[in-house]
There are 2 protein chains.
Amino acid sequence: MTQKQSYTEAARSFGHLLRSPYEKLSRRIYGELAQRGFPEIRFSHSSLLRTIAPEGSRLTDLAQQAGITKQSMAYIVSDLQDSGYVTHRPDPADGRAKLVCLTQRGEHLMATMIEISQGIADEINRTCGKDFLERLKSQLAKLDQALN
Amino acid sequence: MTQKQSYTEAARSFGHLLRSPYEKLSRRIYGELAQRGFPEIRFSHSSLLRTIAPEGSRLTDLAQQAGITKQSMAYIVSDLQDSGYVTHRPDPADGRAKLVCLTQRGEHLMATMIEISQGIADEINRTCGKDFLERLKSQLAKLDQALN
DNA sequence: GTATTTAGTCAGTCTGTCTGACTATAGTCA
DNA sequence: TGACTATAGTCAGACAGACTGACTAAATAC
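Report on the accompanying structure. Bear in mind the structure is a predicted one, so any value in this text is a computation, not a measurement. (Residues numbered from 1 in each chain as written. Chains lettered and ligands numbered in written order. Predicted model: local features only at pLDDT ≥ 70, side-chain atom pairs only at ≥ 80, totals over all residues. Heavy atoms only, no water.)

So, on to the interface of chain A and chain B. Each partner contributes residues to the interface: chain A has 48 residues there, and chain B has 48 residues. Buried surface at the junction of chain A and chain B, summed over both partners, amounts to about 5,000 Å²; 70% is from carbon and sulfur atoms. Across the contact surface, chain A and chain B share 2 salt bridges. At the surface where chain A touches chain B, the tally comes to 8 residue pairs in polar contact (both at pLDDT 80 or more). For the side of chain A that touches chain B, the secondary structure elements donating two or more residues are α1 (3-35), α5 (104-128) and α6 (132-146) of chain A. Element by element, the count of residues in the side of chain A that touches chain B is highest for α1 of chain A, at 18 residues. Each residue belonging to the side of chain A that touches chain B can be placed in one class, and the counts come to 26 nonpolar, 11 polar and 11 charged. (Contact = heavy atoms within 4.5 Å. Buried area = accessible area lost by both parts, 1.4 Å probe. Salt bridge = Lys/Arg side-chain N within 4 Å of Asp/Glu carboxyl O. Polar contact = N/O pair within 3.5 Å; in protein donor to acceptor, adjacent residues only side chain to side chain. Helix = DSSP H or I, 4+ residues; strand = E, 2+ residues; numbered from the N terminus. Nonpolar A, V, L, I, M, F, W, Y, C, P; charged D, E, K, R; others polar.)

Here's what the structure looks like:
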């Protein structure tokens, strides 16, 4: 086995194993969202959807939590606003700031994402064994800690 | 706990746990490559680097294996060619085709990536326990299968 | 009251993906 | 053998999503 062959095997063994299930989960979730009436939702939207607070969030906070610039987050906010998932309202605590808030459609989207995620989790546990995901999550959290 | 709060917790528990270590590993690997004399290498290059065969590969095969269009792969090949990591030569079996081959610099890059990956794997096993990665890989492979 | 910092917007740039169209070559079939 | 279809790679343009610098209005610090 040549050195080059052992490289592709080494790479595939881990980087691939982390990326592939993630990509498959993404495709499943966005595919099912499209089928359930949310065809506009894309991967980039997750940087806002996974961090927005129930009471609304500031653009700069969303950007910082997602690790992107406020201009990039503004682009995503604009897109979700055009599709009716979020809206703006002034932040009473700061005349400069606006709060990005979920609309009713946005809240419905969130509820649907939870439902889809739960369904996938149940399916995985049925296929891979009881509490498989809990144990996997525990190991991934340990890995995540070790990589800091 | 509101429904919206439970969403972010559910999402963070898994999607986040798959993405975060992957992003950290990527930053580590590309950071160390830059320090070791390969500053041009970026994440997008991995779609070629992880699949190119030791004897060279056709553009269309690389594209298919990576799941992107041949035009996108051509864009990546061009970038790596400009930086001296790959070169073209005609495919003797087909007058239309060219083989994308690693240069000496490209092979050195590959060897360095293996070294860096091995070092990270050893460090993870030291931190998380003997054979931690083997057991984690096994579970991730199981998950990957379950998601097909 | 002045200087500095912050929130958000605007415009432009870059990367990396896509599509359609094209030319040259290969394969198939009658 | 010629006509037709398919394939390999290139070209040009479009788009999504990331970035930077500059700007205005509001907040904060002194």
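Alright, that's what it looks like, and here's the rest.
Another aspect to go through is the protein's contact with DNA strand D. In the vicinity of DNA strand D lie 20 residues, with Arg42, Ser44 and Gln71 of chain A together with Arg96 and Lys98 of chain B positioned nearest. For DNA strand D, the fraction of protein-proximal atoms (within 4 Å) that sit in sugar or phosphate groups is 61%. Contacts to DNA strand D include Ser44 of chain A, whose side-chain N or O atom sits 2.5 Å from a phosphate oxygen. Contacts to DNA strand D include Thr69 of chain A, whose backbone N or O atom sits 2.7 Å from a phosphate oxygen. Take the surface near DNA strand D: its biggest share by element is 4 residues, from helix α4 (residues 70-82) of chain A. Looking at the surface near DNA strand D residue by residue, the classes come out as 5 nonpolar, 8 polar and 7 charged. (Near = heavy atom within 4 Å.)

Moving on, we come to the pairing of strand β3 (residues 98-102) of chain B. Residue and element names in this part refer to chain B. Extensive coverage of β3 is indicated by the burial of 4 of its 5 residues. Sheet topology note: the strand β1 (residues 57-58)/β3 ladder contains 2 bridges and is antiparallel. Looking at β3, one finds that Ser57 is bridged to Val100. Across 5 bridges, strand β2 (residues 86-90) lies against β3 in antiparallel orientation. From the neighbouring strand, Arg89 faces β3, where its bridge partner is Leu99. (Buried < 20%, exposed > 50% of the residue type's maximum accessible area, 1.4 Å probe, protein only. Pairing = 2+ DSSP bridges.)

Attention now moves to the protein's contact with DNA strand C. Near DNA strand C, the surroundings consist of 19 residues, among which Arg96 and Lys98 of chain A together with Arg42, Ser44 and Gln71 of chain B are the closest. Sugar and phosphate atoms form 63% of the subset of DNA strand C atoms that lie within 4 Å of the protein. The contact in question runs from a phosphate oxygen of DNA strand C to an N or O atom on the side chain of Arg42 of chain B, over 2.6 Å. Here a phosphate oxygen of DNA strand C and a backbone polar atom of Thr69 of chain B are 2.8 Å apart. Elements supplying a minimum of two residues to the surface near DNA strand C: α3 (59-66) and α4 of chain A together with α4 (70-82) of chain B. Take the surface near DNA strand C: its biggest share by element is 4 residues, from α4 of chain B.

All names here are of chain A. The tally for this structure, following the rule as stated, stands at 4 aromatic pairs over all chains. Taking the centre distance of 6.2 Å and the plane angle of 85° together, the rings of Tyr22 and Phe43 count as edge-to-face. In this pair, Tyr22 is assigned in helix α1 and Phe43 in the loop between α1 and α2 (46-49), connecting sequence segments 21 residues apart. For Tyr22, a relative accessible area of 14% translates into the label buried. (Phe/Tyr/Trp six-rings, centres within 6.5 Å; stacked < 30°, edge-to-face > 60°.)

Evaluation of the coordinates by the stated rule reveals 26 salt bridges over all chains. The salt bridge involving Arg28 of chain A is made with Glu123 of chain A; its shortest N-O contact spans 3.1 Å. In this pair, Arg28 of chain A is assigned in helix α1 and Glu123 of chain A in helix α5, connecting sequence segments 95 residues apart. Accessibility expressed as a relative area gives 23% for Arg28 of chain A, which makes it partly exposed. On the basis of relative accessibility, which here comes to 26%, the residue Glu123 of chain A falls in the partly exposed class. Of the charged contacts, one joins Lys137 of chain B and Glu134 of chain B as a salt bridge, the two residues approaching to 3.6 Å between their closest N and O atoms. You can see Lys137 of chain B and its partner Glu134 of chain B sitting in helix α6 (residues 132-146), 3 residues apart, about one turn around the helix. Judged by its relative accessible area of 48%, Glu134 of chain B is partly exposed. When salt bridges that share partners are traced, they join Arg28, Glu32, Arg36, Glu115 and Glu123 of chain A into one network.

On to the relation of the copies chain A and chain B, then. Laying chain A over chain B is done by rotating through 180° and shifting 0.0 Å along the axis; what remains is an RMSD of 0.0 Å. Such a combination of rotation and displacement between the chain copies is what one expects of a two-fold axis. Among all residues of chain A, the minimum C-alpha distance to the rotation axis is found for Leu18 of chain A, at 3.0 Å. Most of the interface of chain A is mirrored in chain B, where 100% of its interface residues are also at the interface. (Least-squares fit on C-alpha atoms with pLDDT ≥ 70 in both.)

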